[in-house]
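The lines below spell out each chain.
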Amino acid sequence: YVKYFAQRKDTKTIFALDANSRPSFPPIKPASSSSETNVWETILRDTGLESIWVQSSCLKITGEPINPPKPFVVSVNKMRGPSSNQPSKIGEHQLELIDHVFTNGTTSKLFNSVALNSKELVPTAPLLYKSKEGEAELNLYPSSKMPSDHLPVVVDISVKKQSAQISFSYIIFLFLFFFLPFYLTMKLI
């Protein structure tokens, strides 16, 4: 489906997803393929799309971080608690880049934060950390300020249409169906 739209000459494609897969996940051999791959490699290879993380100079095309002093480029910074539906992951610190936007737009510009109201700014992905310890452990999500374990990905993607340059701003709140009801509930309390 994505490949079909990405390869059309009359459209531009923006593909956003919670892949539950970071670019450096070890490749596996799917039953439908003769070679090993992961989500990152498959999307780049099969669709011709480019990652906004690459366009915005956060990652190399290989998925490796560009900033060695802060090699943890993340959209999720969480630790599951005792009520988790995944008991084997309780207490495990997950500092991951698993939320992705791929496009055949010409450029991408990431935003550092979004205003939820006139008083509060919420950080957006990616956050950069030098290790899983220290600062990352002190800033886990969800929190009262950001009630989702996924940070919003806010990106301005430029696409060319005929001779005019058009710029679209996309706010992609992955898991919006979790965030919005929780946020509205917090506002009502």
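Residues numbered from 1 in each chain as written. Predicted model: local features only at pLDDT ≥ 70, side-chain atom pairs only at ≥ 80, totals over all residues. Heavy atoms only, no water.

### A look at the overall build of the protein
Working step 1: A tally of regular secondary structure across the protein gives 5 helices and 12 strands.
Working step 2: In the protein, which comprises 189 residues, the share counted as buried stands at 39%.
Working step 3: Intrachain contacts of the protein at a sequence separation of at least 6 include 59% that bridge at least 24 residues.
Working step 4: Entry remark: accessible area of the protein is about 11200 Å², with carbon and sulfur atoms responsible for 58%. (Helix = DSSP H or I, 4+ residues; strand = E, 2+ residues; numbered from the N terminus. Buried < 20%, exposed > 50% of the residue type's maximum accessible area, 1.4 Å probe, protein only. Contact = heavy atoms within 4.5 Å. Areas by Shrake-Rupley, 256 points an atom, 1.4 Å probe, with all protein chains shown as cover.)

### As for helix H2 (residues 39–47)
Working step 1: What H2 keeps buried is the set Trp40, Ile43, Leu44 and Thr47. The arc enclosing the buried residues of H2, seen along the axis, measures out at 105 degrees, which places them on a common side.
Working step 2: The N-cap of H2, judged by a side-chain oxygen 3.2 Å from the amide nitrogen of tryptophan 40 a few residues on, is asparagine 38.
Working step 3: Backbone geometry just after H2 places glycine 48 at a positive phi near 75 degrees. (Arc of directions from axis to C-beta. Polar contact = N/O pair within 3.5 Å; in protein donor to acceptor, adjacent residues only side chain to side chain.)

### Details of the nonpolar core
Working step 1: Core analysis: the biggest nonpolar cluster contains 34 residues, and Trp40, Ile52, Trp53 and Phe102 have the highest contact counts within it.
Working step 2: Counting residues per element, the ones that place at least two in this core are helix H1 (2–6), H2, helix H3 (52–55), strand S3 (72–74), strand S6 (99–103), strand S10 (127–129) and strand S11 (153–161).
Working step 3: Broken down by element, this core gets its largest block of residues, 5 residues, from S11.
Working step 4: Tryptophan 53 has contacts with Trp40, Cys58, Leu59, Leu97, Asp99, His100, Leu110, Ala125, Pro126 and Val153, leaving out every residue within four places of it along the chain. (Core = buried A, V, L, I, M, F, W, Y, C linked by side-chain atoms within 4.5 Å.)

### Overview of the side chain of threonine 47
Working step 1: Within the fold, threonine 47 resides in helix H2.
Working step 2: Among the polar contacts made by the side chain of threonine 47, one reaches the main-chain carbonyl oxygen of isoleucine 43 at a distance of 2.5 Å.
Working step 3: Polar side-chain contacts of threonine 47 include one of 3.1 Å to the backbone nitrogen of leucine 49.
Working step 4: With sequence-adjacent residues up to four places away left out, threonine 47 is seen in contact with Val2, Lys3, Ala6, Gln7 and Thr42.

### Comments concerning the packing of aromatic side chains
Working step 1: Within the structure shown, the criterion is met by 2 aromatic pairs.
Working step 2: For the ring pair tyrosine 4 and phenylalanine 5, a centre distance of 4.9 Å and an interplane angle of 80 degrees mean the geometry is edge-to-face.
Working step 3: For phenylalanine 5, a relative accessible area of 28% corresponds to the partly exposed category. (Phe/Tyr/Trp six-rings, centres within 6.5 Å; stacked < 30°, edge-to-face > 60°.)

### Points about the pattern of salt bridges
Working step 1: On inspection of all chains with the given rule, the structure shows 4 salt bridges.
Working step 2: Between arginine 45 and aspartate 46 there is a salt bridge whose closest N-O contact spans 2.8 Å.
Working step 3: Residue class for arginine 45 comes out partly exposed when judged on its relative accessible area of 49%.
Working step 4: Here aspartate 46 falls in the partly exposed class, since its relative accessible area comes to 27%. (Salt bridge = Lys/Arg side-chain N within 4 Å of Asp/Glu carboxyl O.)

Keep in mind these values describe shape, not function.
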